[in-house]
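# Analysis of the macromolecular model
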Amino acid sequence: MIEVKGIKKGFEGRTVLDDVSHRFEKGKVNLIIGGSGSGKTVLMKCLVGLFEVDKGSIEYDGRNFSELDFDGRKPIRREIGMLFQGGALFDSMTVLQNVMFPLTMLSDLTEEERIERANFCLQRVNLPSSNHLYPSEISGGMKKRVAIARAIAMNPKYLYCDEPNSGLDPKTSIVIDELIMELTEEYQTTTVINTHDMNSVMTMGENILFIHKGKKWWTGNSDQILQSENPELDSFIFAGKIMQKLRKN
Amino acid sequence: MNILKDLGRYWLFIASIFRRPEKWTVYRSRIADEMVSIGITSLGIVSLISIFMGAVITIQTVYNLVNPLVPLYVVGLVVRDSMIIEFSPTIIMLVLAGKVGSSIASEIGTMRVTEQIDALEIMGINSTGYLVLPKMIAAIFITPFLVLISMFVGVFGGWVAGELSGVIPSAEYIRGIQYQFLPFNVTFAMIKTVVFAYLVTSISTFQGFYTEGGALEVGRASTRAVVHSSVLILIFDYILTQLILA
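Notes on the structure in this doc start here. (Residues numbered from 1 in each chain as written. Chains lettered and ligands numbered in written order. Predicted model: local features only at pLDDT ≥ 70, side-chain atom pairs only at ≥ 80, totals over all residues. Heavy atoms only, no water.)

## Quick look at the overall build of chain A
Within chain A, the regular secondary structure consists of ten helices and ten strands. For a compact globule of 249 residues, the expected C-alpha radius of gyration is about 18 Å, and chain A comes in at 18 Å, within 12% of that figure. Projected onto its principal axes, the C-alpha coordinates of chain A cover approximately 55 × 45 × 30 Å. The burial tally for chain A puts 54% of its 249 residues in the buried class. A separation threshold of at least 6 residues defines the contact pool for chain A, and within that pool the share at least 24 residues apart is 64%. Carbon and sulfur atoms make up 48% of the accessible area of chain A, which amounts to about 11,300 Å² in all. A distance of 5 Å separates the average location of the 31 positive side-chain charges in chain A from that of its 34 negative side-chain charges. (Helix = DSSP H or I, 4+ residues; strand = E, 2+ residues; numbered from the N terminus. Rg over C-alpha atoms; globule rule 2.2 N^0.38 Å. Buried < 20%, exposed > 50% of the residue type's maximum accessible area, 1.4 Å probe, protein only. Contact = heavy atoms within 4.5 Å. Areas by Shrake-Rupley, 256 points an atom, 1.4 Å probe, with all protein chains shown as cover. Lys, Arg positive; Asp, Glu negative; His and termini not counted. Charge placed at Lys NZ, Arg CZ, Asp CG, Glu CD.)

## Observations regarding empty space enclosed by the protein
Take a probe with the size of a water molecule and roll it over the atoms, and the empty space left behind shows itself. Following the criterion strictly, the structure yields four cavities of 30 Å³ or more and no others. Approximately 130 Å³ is the volume found for the largest cavity. In terms of lining, the largest cavity is formed by 14 residues, of which the most central are Ile 80, Gly 81, Met 82 and Arg 150 of chain A together with Met 123 of chain B. When residues of the lining of the largest cavity are traced back to their parent elements, those giving at least two are strand E6 (80-83), helix H3 (95-106) and helix H5 (140-152) of chain A together with helix H5 (116-122) of chain B. With three residues, E6 of chain A is the largest single contributor of residues to the lining of the largest cavity. Split by residue class, the lining of the largest cavity holds ten nonpolar, one polar and three charged. Reported here for the second largest cavity is a volume of approximately 40 Å³. (1 Å grid on protein atoms, 1.4 Å probe; cavity = no way out; pocket = protein on both sides within 12 Å on 5 of 7 lines; lining within 4 Å. Points joined across faces, edges and corners; volume = space filled by probe spheres on them. Nonpolar A, V, L, I, M, F, W, Y, C, P; charged D, E, K, R; others polar.)

## Focus on helix H1 (residues 40-48) of chain A
For H1 of chain A, a buried count of seven out of nine residues is recorded, marking the element as mostly surrounded by other parts of the structure. Taken from the residues just after H1 of chain A, Gly 49 of chain A is the one with a positive phi, measuring 90 degrees.

## Side note on the interface of chain B and chain A
Facing 20 residues of chain B, the contacting portion of chain A comprises 27 residues. Across the contact surface, chain B and chain A share one salt bridge. Among the ionic pairs, Lys 74 of chain A bridges to Glu 22 of chain B, the shortest N-O distance being 3.8 Å. At the boundary of chain B and chain A, one finds four residue pairs in polar contact (both at pLDDT 80 or more). When residues of the side of chain B that touches chain A are traced back to their parent elements, those giving at least two are helix H2 (24-38) and H5 of chain B. In terms of residues, the side of chain B that touches chain A owes the most to one element, H5 of chain B, which gives six residues. (Salt bridge = Lys/Arg side-chain N within 4 Å of Asp/Glu carboxyl O. Polar contact = N/O pair within 3.5 Å; in protein donor to acceptor, adjacent residues only side chain to side chain.)

Below you can see the structure in the form of structure tokens.
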């Protein structure tokens, strides 16, 4: 479980996150949603330690992450897997080397064990025969799957996904969403997803946090979200034609 | 104020490189790869530039030797000392600032804008150590060899030019390059090379590491890396010459 307590973050005098508190549950897919510029990416970057919070705390199963230094954070960071928006695969490495990378750097496994583990992760994301290819030689959907394989290579307790469906066609998006849900259930990870894809929200939304103007505006699940009477949330959810039709029905 | 801010950030960046590495075995293999990337791939351009530098110095020195009292073997001595003291360490490192510096800055800049550096940091890997330290060590070890090669090739180029144009007999040139040789000059050149190698790699990685934005900013970081490295090489060339030779 990840618990955020009263965090504030600003840049050059401009407040981006204002007193946000929330609990991201273990074994669930936790979504952070919000419009562009609402602060959801900054929140995720604060959670993983890419940005330091100005005030408040971030706790990983009771361990106060925000007050630790670089070395103190290492044990927690090794329990984190992250899927970046663009995949963030290392260009100079093949698919197999990318997935093996965290194992090579952070584990004491032998070469054979690392290859075996990387192959297992690649099979788990349905990419069994692309080991020798470079990131520039594979499609966007495949890149995401390789990135997921790399994220789960170290058996993470916490899985972060930054806009996992961006740039993907609807069918591939569903495959990625289903994969994330399966992995969350299988490994009982605390999964946090930053998205504005309404299909993902409706499919995976077990614990949704809606951020608006840097504040926690609404929380609930995908069943409750359609009945919400929050005007800002409504205008975000029902901005698209499909969702408007769904509301009419 | 911006200069002070950048200087502070540069020193914090340098300090962060020397945190304990996650795995030395990985670093060792990266250092070997970087030695190939920085050193071996630069051999061609270094040799080409050096041979022509030696050739031009020979012909220009002969052209300027108008006093019949000055013996002709002085040409060989001038070529040798010019190559050892100044041309090989400084010009070759300026060329490497362009070739290697821009490549390093764009490689790390691209990694920054495509979130590859963020990925390293989230894994708990010291991104500056992993990306910068192998390049720095590799450059500091391999560039002295490049400069030594440049010295030999330059002196050889001078001999070839003298032979081809017939401006200086071979025996005179060889006598000149052996005349009053000071081994300390090579030591001085090696000291300069190591300092310049540090400057090129640290400045280029620094510029790449703090790139913000997209492709345009990566290009700008690459340009800044070359300009800043070149200017600092010239400044430190003067400082080291003053400190060591004066």
